[in-house]
Amino acid sequence: MPLILDSSAMTLEHSDFDGTRAGDSREIARVPLCWCPPGRFIMGSPPGEPERRPGEDQVQVVLTRGFWMAKFEATQGQWKRVMGALPGPLTAELPAGDALPVGNVNFVEAEAFCLKLTALGHKAGTLPKDWEFRLPTEAQWEYACRAGTTTATSFGNSLSSKQANFMGKPYNGAAPGPSLKVAAKVGSYPANPWALHDMHGNIFEWCRDWYHERLPGGKNPDLYGAKATATKSGNGAIARSRRGGAWTDEGWPCRSAFRLRFEPERRYDHIGFRVLAVRSEQEPKLP
């Protein structure tokens, strides 16, 4: 089922701060953003998709409000400007560089960045008081990654390391390319149809949902507060979700539908995040 952007059967929520068309650009607090309009899509992968994994059974999703997704993964330069010292140590694979993604960041720290960025945007008057920065839900992330496509990746049903930063075997017969085995500067690879870079590969990205084995469908699915029903691992741990693949993996985990779990208190150099700006669900507080 293809993406529908003009969804006349949906009750869409509009704001004067919305973009006009998918991929429109805006900058807030020195973070470049791209518009992802409201719409509906099929989240997950079809049964015949090569390298498909459990937990990808397809569901219909309706997003009634659009959002501004960061054009790039959060960078070390942005982190230092907003928060100060980097959240975790650098590594040989993730060296220092203002244009490199920030990694070794746990979930709480990524959320703290979003809160601080929201405050900066409100103070400067570039972010409306009823909008906020936060981590994307899994539905918002996959919707932005697909950018209107229904194939395994936003570039089609294969993926070359000329199109994304991953290590080793290309996905589904794509032409081989460089295998950097390290993080790349954000924006080094082609953008998807909505002008978003590195949705496939480079660094895994935190999502705000508690990880559930079954994908959430329906209207504006958001499992941020669904801790009680989160799927437990073999040792009884629960986790948040992460998406996108990284320089540490082959091409197949970079598929649009691929998802993994990770305990929110943990950190790793190949796990970072990407922010979005969205209208708050609650009325803004009076100053």
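What you see is a predicted model; the values in this text were computed from it and never measured.

1. Things to note about the sheet that holds strand E9 (residues 240-243)
Phase 1: Strand order in this open sheet of 4 strands is E10-E9-E7-E11, and the pairing throughout is mixed. Two strands lie at the open edges of the sheet, namely strand E10 (259-262) and strand E11 (271-272), each paired on one side alone.
Phase 2: Judged from the 2 bridges that link them, strand E7 (residues 204-210) and E11 form a sheet pairing that is parallel. In the strand pairing of E11, phenylalanine 204 is matched with isoleucine 271.

2. What about the sheet that holds strand E1 (residues 25-28)?
Phase 1: Spatially, the 5 strands line up as an open sheet ordered E1-E2-E5-E12-E6, and their pairing is antiparallel. Two strands lie at the open edges of the sheet, namely E1 and strand E6 (131-134), each paired on one side alone. Strand-to-strand twist of the sheet, defined as the mean angle between neighbouring strand axes without regard to direction, takes the value 35°.
Phase 2: Note: strand E5 (residues 67-70) against strand E12 (residues 276-279), 2 bridges, orientation antiparallel. Within E12, the position partnered with tryptophan 68 by the bridge is alanine 277.
Phase 3: Set on the sheet, helix H2 (residues 107-124) makes contact with E1, strand E2 (31-36) and E6; between it and E6 the angle comes to about 150°.
Phase 4: Running at roughly 75° to E5, helix H3 (residues 138-146) makes contact with E2, E5, E6 and E12 of the sheet.

3. Focus: H2
Phase 1: For H2, with 18 residues, the first-to-last C-alpha span of 26 Å sits near the 26 Å given by 1.5 Å per residue.
Phase 2: Buried-residue contacts for H2 involve E1, E2, helix H1 (76-82), E6, E7 and E9.
Phase 3: The backbone nitrogen of valine 108 has a side-chain oxygen 3.2 Å away, supplied by the residue at the start of H2, namely asparagine 106.
Phase 4: Positioned one or two residues after H2, glycine 125 has a phi angle of 80°, which is positive.

4. Re the state of the cysteines
Phase 1: Evaluated as defined, the whole model comprises 0 disulfides.
Phase 2: Here cysteine 254 is not cross-linked by a disulfide; its sulfur's nearest cysteine counterpart is in cysteine 145, at 9.5 Å.

5. Some details on the packing of aromatic side chains
Phase 1: Tallying each qualifying case throughout the model produces 12 aromatic pairs.
Phase 2: Residues phenylalanine 113 and phenylalanine 273 carry aromatic rings whose centres are separated by 5.3 Å and whose planes lie at 70° to one another, so their mutual orientation is edge-to-face. Taken together, the residues span a long stretch of sequence, with phenylalanine 113 in helix H2 and phenylalanine 273 in the loop between E11 and E12 at a distance of 160 residues.
Phase 3: By relative accessible area, which is 1% here, phenylalanine 113 ends up buried.
Phase 4: Residues tryptophan 206 and phenylalanine 262 carry aromatic rings whose centres are separated by 5.8 Å and whose planes lie at 50° to one another, so their mutual orientation is tilted. Placement of tryptophan 206 in strand E7 and of phenylalanine 262 in strand E10 is noted, with a sequence separation of 56 residues between them.
Phase 5: Among the aromatic residues, those joined into a ring-pair cluster are Phe17, Trp35, Trp68 and Trp131.
Phase 6: A cation over a ring is seen here: arginine 26 above phenylalanine 17, with NZ or CZ 3.9 Å from the ring centre.

Procedures and definitions
- Every residue gets a number counted from 1 within its own chain, in the order that chain's sequence is written.
- Reporting in this predicted model follows two pLDDT cut-offs: at least 70 for local features of residues, and 80 or more for side-chain atom pairs to be given and counted; totals over whole chains, interfaces and linings ignore these cut-offs and use all residues.
- Values reported for side chains reflect all heavy atoms of the structure, with hydrogen atoms and water molecules removed beforehand.
- Pairs of strands are assigned from DSSP output, requiring at least two bridges between the strands.
- Secondary structure elements follow DSSP: runs of H or I no shorter than four residues count as helices, runs of E no shorter than two count as strands, and numbering proceeds from the N terminus.
- Between N-to-C directions, angles span 0 to 180 degrees; the directions come from axes that are lines fitted to C-alpha atoms, helices contributing only their stretch in contact.
- Contacts are residue-level and defined by heavy atoms, with any inter-residue pair within 4.5 Å sufficient.
- In a helix, the anticipated span is given by 1.5 Å times the number of residues less one.
- Here a polar contact is recorded for every N or O atom pair within 3.5 Å, except that within protein the pair must consist of a potential hydrogen donor and a potential acceptor, and residues adjacent in sequence are included only if both atoms are side-chain atoms.
- Cysteine sulfurs are considered disulfide-paired once they come within 2.5 Å of each other.
- For Phe, Tyr and Trp, where Trp contributes only its six-membered ring, two rings pair if their centres lie within 6.5 Å, and the inter-plane angle classes them as stacked under 30 degrees, edge-to-face over 60, or tilted in between.
- A simple rule labels every residue: compare its accessible area, found with a 1.4 Å probe on the protein chains alone, to the largest value its type can have, and call it buried under 20%, exposed over 50%, or partly exposed in between.
- Whether a charge sits over a ring depends on NZ of Lys or CZ of Arg being within 6 Å of the ring centre and within 35 degrees of the ring normal.

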